[in-house]
Amino acid sequence: MEITEASVRELVEQVLTSLDGKILRGATGLGSTSGGGAGPVAGTGRGVFPDIDAAIRAARSAHEELMARTLETRTHMVAAMRQAVQKNLERLADLAVQETGMGRRQDKVLKNKVAGELTPGVEDLRAVTFSGDHGLTLVERAPYGVVGSITPSTNPTETIISNAIGMISAGNSVVFNPHPSAKGVSAFTIDFLNQAIASAGGPANMLCTVAEPTIQSAQRLFDHPEIDLLVVTGGPGVVRAAMKSTKKVIAAGPGNPPCVVDETANLVKAGRDIVSGTGFDNNIVCIDEKEILAVASIADRLKAELVKNGACELSRSQVDAVTKLVIADAGKPGHEGAPNKEFVGKDAYLIARAVGVDVPRDTRILLCEVDGQHPLVWTEQLMPVIPLVRCNDADAAIDLAVACEHGFRHTAVMHSLNIEKLSRMAKVMNCSLFVKNGSAYNGLGFGGAGFTSWTIASPTGEGLTRATTFTRERRCALIDYFRIV
Ligand code: NAD
């Protein structure tokens, strides 16, 4: 079936209408939806509520029910969620591209697949024991209770899937406040995950949301006494807003990942990896490489490899025109800047066409050679417009990388076979994620080792979040007994 904007708009409408019919009216029908009163859990358990207070009440009772279930049931719930994700991969990708107008369908299929498969589950929670002359002490991981999670437009479903698996594995229920421009596909995701949880014997409304998410409903999560932990995934504005809350906050903020290539790098591989990484989902992923800092002696050879792999290099005047178009607020030292939202996540050929340049439709990135102070280097564009800067040597490239990353401490990449320079960059970037000789997304567990996460908490330091991140540590000490030796 051909996917058109109209067909997907219809699908989103259908999802919201069906949710409205089955849940919202049912919920409202139960009486009060704001303030105190009975929770509007209409027995459907599909998680979408007319107002945020109703969602929080339902999530609270879901959490209490979960605490009465076994870990075995929790494990089955997570397995059912993973299966449901795999069944919905194509639909999720279509809905997200059409509703948000950003990204690439095939990359979204992969992102959701990875979120469903590689997010750690219940097995991530490890109990620890201490045994000594004075007895035995047990340390276990306990849930916070109800988590309030703010999710972005750029990875709307991946973040919900990955948060949901990790937070439920940890024993929490979740109230999501998705980005308004992704509310349909977010509600759809929450709905099918709740159905999967119910099919595995889990409580209703483990995952809740509000039909019309807004900044005000997000703010209500920040202040509501029944929210035990806040997890925010988004840009600088939402991180600043959440950090004002008196609650514990896990904040996953913006990045501007530099990619340094030195004269020892395997340029054939670097060219392939960089186009694949910078072009991934049209560069809207926070960890995607955002600027290439190449040692001058290999810059021309690297550019030739980039072009072989789908980059199209723009002339100086074309770079000027594109910069005017895509930068709303120019980033510079000490100032993060902002892109023109109209072009975030758009295909490279559409951005080129907007300045009167025709490039092949399958162009993955628009390559722009600029100097080190250029706004394209210092702004997180989130689109396939990628600056390349010639640097005198590896140390100069690393120094520029540290500066233009703005101290976000998020993600950085280096292509090099020089272990001294690789080690230096790893140390001085001081990032949550540092990828050597691969695409940045390889660091999220696909094409690289390890688990995945779509909430990378650099400002608050948790790094790639996982089930354990969403738990409290609790200790129980039995004095003088229970050693077996
Ligand atoms: P955004 O900041 O516009 O929105 C993110 C979420 O925050 C949305 O739900 C939005 O409604 C909400 N929000 C925004 N301002 C708010 C405020 N003042 N108060 C309460 N809620 C508010 O971001 P986006 O465009 O959806 O996503 C892209 C940004 O997110 C980029 O900066 C990217 O680097 C970052 N991001 C980071 C990670 C990570 O793991 N670190 C993951 C994805 C995206």
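Read on for an overview of the structure. Predicted, not measured: the structure shown is a model, and the values here were computed from it.

### Details of the overall build of the protein chain
At step 1: Counting secondary structure elements, the protein chain contains 16 helices and 20 strands.
At step 2: Taking 2.2 N^0.38 as the reference for a compact globule, 485 residues should give roughly 23 Å; the C-alpha atoms of the protein chain span a radius of gyration of 23 Å, in line with that estimate.
At step 3: Taken across its 485 residues, the protein chain has 57% of its residues classed as buried.
At step 4: Relative to all contacts within the protein chain whose residues are 6 or more apart in sequence, the contacts with residues 24 or more apart total 72%.
At step 5: Summing over all exposed atoms, the protein chain offers an accessible surface of approximately 19,500 Å²; the carbon and sulfur share of this is 52%.

### What to know about empty space enclosed by the protein
At step 1: Following the criterion strictly, the structure yields one cavity of 30 Å³ or more and no others.
At step 2: As a volume, the largest cavity reaches approximately 50 Å³.
At step 3: Thr 119, Ser 162, Asn 163, Gly 166, Thr 452, Ser 453, Trp 454, Thr 455, Thr 465, Arg 466, Ala 467 and Phe 470 are the residues that line the largest cavity.
At step 4: Along the lines of polarity and charge, the residues of the lining of the largest cavity split into three nonpolar, eight polar and one charged.

### Quick look at the site of the ligand
At step 1: In the vicinity of the ligand lie 28 residues, with Thr 151, Ser 153, Gly 235, Glu 380 and Ile 456 positioned nearest.
At step 2: For the ligand, an oxygen atom lies 3.4 Å from a polar atom in the side chain of Thr 154.
At step 3: In this structure, a nitrogen atom belonging to the ligand sits 3.1 Å away from a side-chain N or O atom of His 410.
At step 4: Surface burial for the ligand is 88%, taken as the share of its 840 Å² of free accessible area covered by protein chains.
At step 5: A molecule is said to occupy a pocket when more than half its atoms come within 2 Å of that pocket's grid points, and by this definition the ligand occupies the largest pocket.

### Considerations on the layout of surface pockets
Taking a probe equal in size to a water molecule and rolling it over the atoms shows the remaining empty space.
At step 1: By volume, the largest pocket amounts to about 1,100 Å³.
At step 2: Looking at the lining of the largest pocket, the elements that each hand over two or more residues are helix 8 (215–223), helix 9 (236–243) and strand 13 (338–339).
At step 3: Within the lining of the largest pocket, the residues separate by chemical class into 22 nonpolar, 21 polar and four charged.
At step 4: Roughly 380 Å³ of volume is contained in the second largest pocket.
At step 5: Lining the second largest pocket we find 19 residues, and of these Val 97, Gly 103, Asn 282, Asp 347 and Leu 350 sit closest to its centre.
At step 6: Every element with two or more residues in the lining of the second largest pocket is listed here: helix 4 (89–100), helix 5 (105–118) and helix 13 (348–354).
At step 7: Of the residues forming the lining of the second largest pocket, the biggest block, three residues, is contributed by helix 13.
At step 8: For the lining of the second largest pocket, the residue count by class is five nonpolar, seven polar and seven charged.

### Focus on the side chain of Asp 273
At step 1: Secondary-structure assignment places Asp 273 in helix 10 (residues 267–278).
At step 2: Classification of Asp 273 as buried rests on a relative accessible area of 9%.
At step 3: Once residues lying within four places of it in the same chain are set aside, the contact partners of Asp 273 are Glu 289, His 415, Asn 437, Gly 438 and Ser 439.

### Topic: the pattern of salt bridges
At step 1: Considering all chains together, one arrives at 26 salt bridges under this definition.
At step 2: Taking the shortest distance from any N to any O, the salt bridge between Asp 107 and Arg 364 comes out at 3.8 Å. Of this pair, Asp 107 sits in helix 5 while Arg 364 sits in the loop between helix 13 and strand 14 (365–369), and the two are 257 residues apart along the sequence. Across the pair, exposure class does not vary: Asp 107 and Arg 364 are buried alike.
At step 3: With a closest N to O distance of 2.9 Å, Glu 313 and Lys 303 form a salt bridge. Here the residue Glu 313 occupies a position in strand 11 (residues 311–313), and Lys 303 occupies one in helix 11 (residues 296–308), the gap between them amounting to 10 residues.
At step 4: Residue Lys 303 is classed as buried on the basis of its relative accessible area, which comes to 10%.
At step 5: One connected set of salt bridges, linked through shared partners, spans Asp 300, Lys 303, Glu 313, Glu 369 and Arg 390.

### Quick notes on the sheet that holds strand 20 (residues 471–479)
At step 1: Taken in spatial order, the three strands of this open sheet run 2-3-20, and their pairing is antiparallel. Strands at the two margins of the open sheet, each flanked by one partner only, are strand 2 (128–132) and strand 20. In this sheet, adjacent strand axes meet at a mean angle of 15 degrees when their direction is disregarded.
At step 2: For strand 2 and strand 3 (residues 135–143), the ladder comprises five bridges, and the chain directions are antiparallel. Among the inter-strand pairings, Phe 130 is bridged to a residue of strand 3, identified as Thr 137.

### Side note on the packing of aromatic side chains
At step 1: All told, the structure shown has five aromatic pairs when counted by the stated rule.
At step 2: Relative to Phe 446, the ring of Phe 280 has its centre 5.8 Å away and its plane inclined at 55 degrees; by these criteria the two rings are tilted. Taken together, the residues span a long stretch of sequence, with Phe 280 in the loop between helix 10 and strand 10 (291–295) and Phe 446 in the loop between strand 17 (433–436) and strand 18 (456–457) at a distance of 166 residues. By the burial criterion, Phe 280 is buried, and Phe 446 matches it.
At step 3: Consider the rings of Tyr 441 and Phe 446, whose centres lie 5.2 Å apart with planes at 20 degrees: the pair is stacked. Each of the two residues, Tyr 441 as well as Phe 446, counts as buried.
At step 4: Members of the aromatic cluster, joined through ring pairs, are Phe 280, Tyr 441, Phe 446 and Trp 454.
At step 5: Geometry around Phe 130 places Arg 475 over its ring, the cationic atom sitting 5.7 Å from the centre.

### Examining the environment of Ala 62
At step 1: Tracing the chain through its elements places Ala 62 in helix 2 (residues 52–67).
At step 2: According to the relative accessible area criterion, Ala 62 is buried, its value standing at 1%.
At step 3: C-alpha separation for the pair Ala 62 and Asn 437, spaced 375 residues apart in sequence, amounts to 45 Å.
At step 4: Residues in contact with Ala 62, not counting those within four places in the same chain, are Ser 173, Pro 203, Ala 204, Asn 205 and Met 206.

Conventions adopted
- Residues numbered from 1 in each chain as written.
- Predicted model: local features only at pLDDT ≥ 70, side-chain atom pairs only at ≥ 80, totals over all residues.
- Heavy atoms only, no water.
- Helix = DSSP H or I, 4+ residues; strand = E, 2+ residues; numbered from the N terminus.
- Rg over C-alpha atoms; globule rule 2.2 N^0.38 Å.
- Buried < 20%, exposed > 50% of the residue type's maximum accessible area, 1.4 Å probe, protein only.
- Contact = heavy atoms within 4.5 Å.
- Areas by Shrake-Rupley, 256 points an atom, 1.4 Å probe, with all protein chains shown as cover.
- 1 Å grid on protein atoms, 1.4 Å probe; cavity = no way out; pocket = protein on both sides within 12 Å on 5 of 7 lines; lining within 4 Å.
- Points joined across faces, edges and corners; volume = space filled by probe spheres on them.
- Nonpolar A, V, L, I, M, F, W, Y, C, P; charged D, E, K, R; others polar.
- Near = heavy atom within 4 Å.
- Polar contact = N/O pair within 3.5 Å; in protein donor to acceptor, adjacent residues only side chain to side chain.
- Sits in = over half its atoms within 2 Å of the grid points.
- Salt bridge = Lys/Arg side-chain N within 4 Å of Asp/Glu carboxyl O.
- Pairing = 2+ DSSP bridges.
- Axes fitted to C-alpha atoms, helices over the stretch in contact; angles between N-to-C directions.
- Phe/Tyr/Trp six-rings, centres within 6.5 Å; stacked < 30°, edge-to-face > 60°.
- Lys NZ or Arg CZ within 6 Å of the ring centre and 35° of its normal.

Taken by themselves, the reported measurements are silent on function.
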